[in-house]
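# Residue-level structural notes
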Amino acid sequence: MQSNLKKEQKAGRFGEFGGQYIPETLMHEIDRLVNAYNYYKNDPTFKKELTDLLHKYANRPSLLYHAQKMSNDLAGAQIYFKREDLNHTGSHKINNVLGQILLAKKMKKTRVIAETGAGQHGVATATVAALMGMECEIFMGEVDIKRQSLNVYRMQLLGAKVHSVTTGTGTLKDAVNAAMQEWASRTADTHYVIGSVMGPHPFPTMVRDFQACISAEIKNQLIKETGKLPDAVVACVGGGSNAIGAFYHFIKDKNVRLIGCEAAGKGVDTQKHAATLERGTTGIFHGMKSIFLQNDDGQIDEVYSISAGLDYPGIGPEHAELAAKNRAEYVGITDDEAVAAFEYLAREEGIIAAIESCHAVAYVKKIAPQMNSSQIIVCNLSGRGDKDVAAIARYRGEKIYD
Ligand SMILES: *Cc1c(COP(=O)(O)O)cnc(C)c1O
């Protein structure tokens, strides 16, 4: 019994979710990674190097900004934004990538590979690979390559090679499969930098730890400014890394509502959404047991969202457990609501945030008016919105060149 329990913990379980569902060819390398991570996460030199990089290269701590104008306009709770959009490369992704590539260096790797959907994680990986002198190859679905040609060129400028993945639907889930296969065939010099809190253990735990600086900072900054904890923390959820980063240090504070916003696309009753926790079922995919959008035979559904970063058919196992235990709430936000929030935030606060992040902003717009002015909502702005301007213009039927 005791040893079974230990084995489960070792395999990175979150309740019934998580684990390591991987081909035998990867088992040895995953064990090495678990051991290396467990060693270096407590190593003072590693911790100092990572902290220095976060401060001096990525621009941490990010600001916690009191949006007074928006708070007044909604006439309810005080709204604070955690400004991950101000990080180098424009999103929270850099936190995780700096951690993983620094770890890969310690493991004497010389090459990193990564999957990317919209290209945000690919760009962050290519950036840090350039900084640390690593070879870098990015796997990206052929459909996404066409949709995000600017990010493809950006990765090439940074010295990365971009592989077009033509299997399946040619999108993010297929890019994960391709990167996983590449890793299994070449582990000696290569680390696979997974971009969210997903995949086999140790990734959901390790990526969570690298993103937890978000909630550690929020807690310090908010207590310093107001002497209080927030009443609610709101974040968008794709795989779930910015959300778990924003939630983590509040999980034990039972009075803090934790709210994840999924992409409801054109509506959860259509075939065009990515609302995994609202409409998904338990399954095993991409090396983990979690909740997925899938048919009765376990075939993974095609998913859709206006925001490429939320367009994933699964969710990290820790979120699946937080949902099962009712510790966190998960809500769906449609394209229409997210676009309206994108425009509202720009005009109200002068911030053009990522369309992903605007799923969280849209929910803040719904709940703030139901709260009173002594209550506090912290909303995580996971990224900046420059990349989305052309898509928003198209959504509104504007004729622009892009
Ligand atoms: C990638 C991305 C997301 C979604 O990923 P999570 O792992 O769910 O955080 C959200 N916002 C931005 C800006 C992104 O680039």
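This text goes with the structure placed above it.
A short tour of the structure in this document, coming up. This is a predicted model, so every value here is computed, not measured. (Residues numbered from 1 in each chain as written. Predicted model: local features only at pLDDT ≥ 70, side-chain atom pairs only at ≥ 80, totals over all residues. Heavy atoms only, no water.)

### Re the site of the ligand
Lining the immediate surroundings of the ligand are 16 residues, of which K93, S196, G238, S241 and S382 lie closest. In this structure, an oxygen atom belonging to the ligand sits 2.7 Å away from a side-chain N or O atom of S241. For the ligand, whose free accessible area comes to 380 Å², the fraction covered by protein is 96%. Among the residues making up the shell around the ligand, the classes are represented as 3 nonpolar, 11 polar and 2 charged. Of the domains in this structure, domain 1 (2-54 + 92-207) and domain 2 (59-90 + 212-395) are the two that each give at least three residues to the shell around the ligand. (Near = heavy atom within 4 Å. Polar contact = N/O pair within 3.5 Å; in protein donor to acceptor, adjacent residues only side chain to side chain. Areas by Shrake-Rupley, 256 points an atom, 1.4 Å probe, with all protein chains shown as cover. Nonpolar A, V, L, I, M, F, W, Y, C, P; charged D, E, K, R; others polar. Domains from an automatic or database assignment.)

### Looking at the packing of helix α6 (residues 120-132) against helix α8 (residues 149-157)
Interaxial distance between α6 and α8 falls to 9 Å at its minimum, and their mutual angle equals 10°. Here α6 lies roughly parallel to α8, going by the angle between them. Between α6 and α8, the residues in contact are Q120, G122, V123 and A126 and N151, R154 and M155, respectively. Classifying every residue of the contact of α6 with α8 by side-chain character gives 3 nonpolar, 3 polar and 1 charged. (Axes fitted to C-alpha atoms, helices over the stretch in contact; angles between N-to-C directions. Helix = DSSP H or I, 4+ residues; strand = E, 2+ residues; numbered from the N terminus. Parallel < 35°, antiparallel > 145°, perpendicular 65-115°, else oblique. Contact = heavy atoms within 4.5 Å.)

### Some thoughts on the sheet that holds strand β14 (residues 376-381)
Overall, mixed pairing links the 6 strands, which are arranged β3-β4-β14-β9-β10-β13 in an open sheet. The open sheet has two free edges, formed respectively by β3 (64-66) and β13 (328-334), since each of these has just one partner strand. Strand-to-strand twist of the sheet, defined as the mean angle between neighbouring strand axes without regard to direction, takes the value 25°. Here strand β9 (residues 232-236) runs beside strand β10 (residues 257-265); their pairing, made up of 5 bridges, is parallel. For C236, the partnering residue across the bridge sits in β10 and is C261. Its contacts with the sheet place helix α15 (residues 335-349) against β3, β4 (78-83), β10, β13 and β14, and it is angled at close to 90° to β13. (Pairing = 2+ DSSP bridges.)

### Observations regarding the environment of T127
Take T127: it is sitting in helix α6. In this structure, the C-alpha to C-alpha distance between T127 and L98, residues 29 residues apart in sequence, is 9.5 Å. Filtering out sequence-adjacent residues up to four positions away, T127 remains in contact with Y57, H88, T89 and L158.

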